Amino acid sequence: MNKKNIYVTQPSLPPLEEFIPYLQQIWDNKILTNGGPFHQKLEDALCEFLGVNYISLFANGTIALVTALQALRIRGEVITTPLSFVATSHSLLWNDIKPVFVDIDPNTLNLDPSKIEAAINPHTAAIMPVHCYGHPCDVDAIQKIADNYGLRVIYDAAHAFGVEDANGSVLNHGDLSVLSFHATKVFNTFEGGAIVCPDAKTKVRIDQLKNFGHVGEVTVVAPGINGKMSEFNAALGLLQLNYINQALGARKKIDIAYRERLVGVKGITCLGDSGEKVANYSYFPILVDINYPITRDELYQKLKDAGIHPRRYFYPLISEFPMYRGLSSAHKENLPIATDAARKVLCLPIYPDLDMAIVDEISSIILAQ
Ligand SMILES: *Cc1c(COP(=O)(O)O)cnc(C)c1O
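The structure contained in this document is the topic of the report that follows.

What counts, and at which threshold
Residues numbered from 1 in each chain as written. Predicted model: local features only at pLDDT ≥ 70, side-chain atom pairs only at ≥ 80, totals over all residues. Heavy atoms only, no water. Helix = DSSP H or I, 4+ residues; strand = E, 2+ residues; numbered from the N terminus. Buried < 20%, exposed > 50% of the residue type's maximum accessible area, 1.4 Å probe, protein only. Lys, Arg positive; Asp, Glu negative; His and termini not counted. Salt bridge = Lys/Arg side-chain N within 4 Å of Asp/Glu carboxyl O. Polar contact = N/O pair within 3.5 Å; in protein donor to acceptor, adjacent residues only side chain to side chain. Contact = heavy atoms within 4.5 Å. Near = heavy atom within 4 Å. Areas by Shrake-Rupley, 256 points an atom, 1.4 Å probe, with all protein chains shown as cover. Nonpolar A, V, L, I, M, F, W, Y, C, P; charged D, E, K, R; others polar.

**Observations concerning the side chain of aspartate 103**
Looking at the secondary structure, you find aspartate 103 in the loop between β4 (98-101) and β5 (124-128). Nearest to the buried, unbridged aspartate 103 among oppositely charged side chains is lysine 115, at 4.2 Å. Within the structure, the side chain of aspartate 103 is placed 2.8 Å from the backbone nitrogen of isoleucine 337, a separation counted as a polar contact. In this structure the side chain of aspartate 103 is engaged in a polar contact, spanning 2.8 Å, whose partner is the backbone nitrogen of alanine 338. Setting aside residues up to four positions removed in sequence, aspartate 103 forms contacts with Leu111, Asp112, Lys115, Asn334, Leu335, Pro336, Ile337 and Ala338.

**As for the site of the ligand**
As a matter of local geometry, the ligand sits amid 14 residues, with Thr62, Asp156, His159, Ser180 and Lys185 nearest to it. Taking glycine 61, its main chain carries an N or O atom lying 2.8 Å from an oxygen atom of the ligand. Histidine 159 places a polar side-chain atom, nitrogen or oxygen, 2.8 Å from an oxygen atom of the ligand. Considering the ligand on its own, with 380 Å² of exposed area, one finds that the protein chains cover 93% of that surface. Mapped by element, the contributors of at least two residues to the shell around the ligand are α3 (61-71) and α4 (87-93). Taken together, the residues that form the shell around the ligand break down as 3 nonpolar, 9 polar and 2 charged.

What follows is the structure, encoded as structure tokens:
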């Protein structure tokens, strides 16, 4: 029995004393929000670190998703994945858009491009895929479909901070990509989020929408929201960036350790990458199938009994929640792969400060069944 509980993740924080001078600056200049100096600096630093052209910071990822849809004036129907955090689809409902669920690829657990075309109709305006667990979607296939049908693509990239494919940041694909800097994510600003966009004009519109639609002192051009990131969060983000490479390196070690220990265990598959050049090891999902001696939920309980709290990300599927299950695309028969994955998946603890002895303990519980 562990003396303390081990959760699926634990937020990374810099040494507190290093944050004090940042707070001192905020106290000194009395700029707390509204695009202050730390906000500006963090946008610049993130463009540089991530290798993207324009970024607009937000109070959280969910408001960024809602705003991304408004920035592109998306209406009607949007094709999306049922295997995600519920905020993905909720951002559609907040815009009065009808989500259309399409099944996933069994190898990557991302939206399956070969299933998208059958779901397109004259009301379809966009595709909202998710780089689930930080593994990139088949961005080329998705873009090809979008181009053929004149659809926009907004990636929910909440899991994909720092992920790169052969062409650089995975955030440069599609029309927009949305990040989350929530406490549970690879890079956190306590709460926070961002929209990555390819051109200055789109950034201007996004920046207006996150500030009530204000343009200057006396003009309001859109029913915008208050989605701004505060100086407190932006300052923390700047400090966090000093430690991000160290954090990603530590995550990689844990990923390798789990794979070594779980290789060849009958009925357990460690989800592989989807061809990324630089991974972020944001999650460690395993799939527990019928060849394993006990069910996924029994294993989940065994680990909990030992003080270890994995998570069944993402179970239930979004399409099973009451506000979605009435949609015809939400029916199980339409989503056999996602339904199967949601029954099998279990995300094991992974975070930079996770002790290797705990990785050993978790692995031996899995091996002992
Ligand atoms: C965390 C998350 C969000 C929401 O981000 P918040 O910053 O918590 O609002 C959206 N989509 C996915 C896939 C997420 O994991």
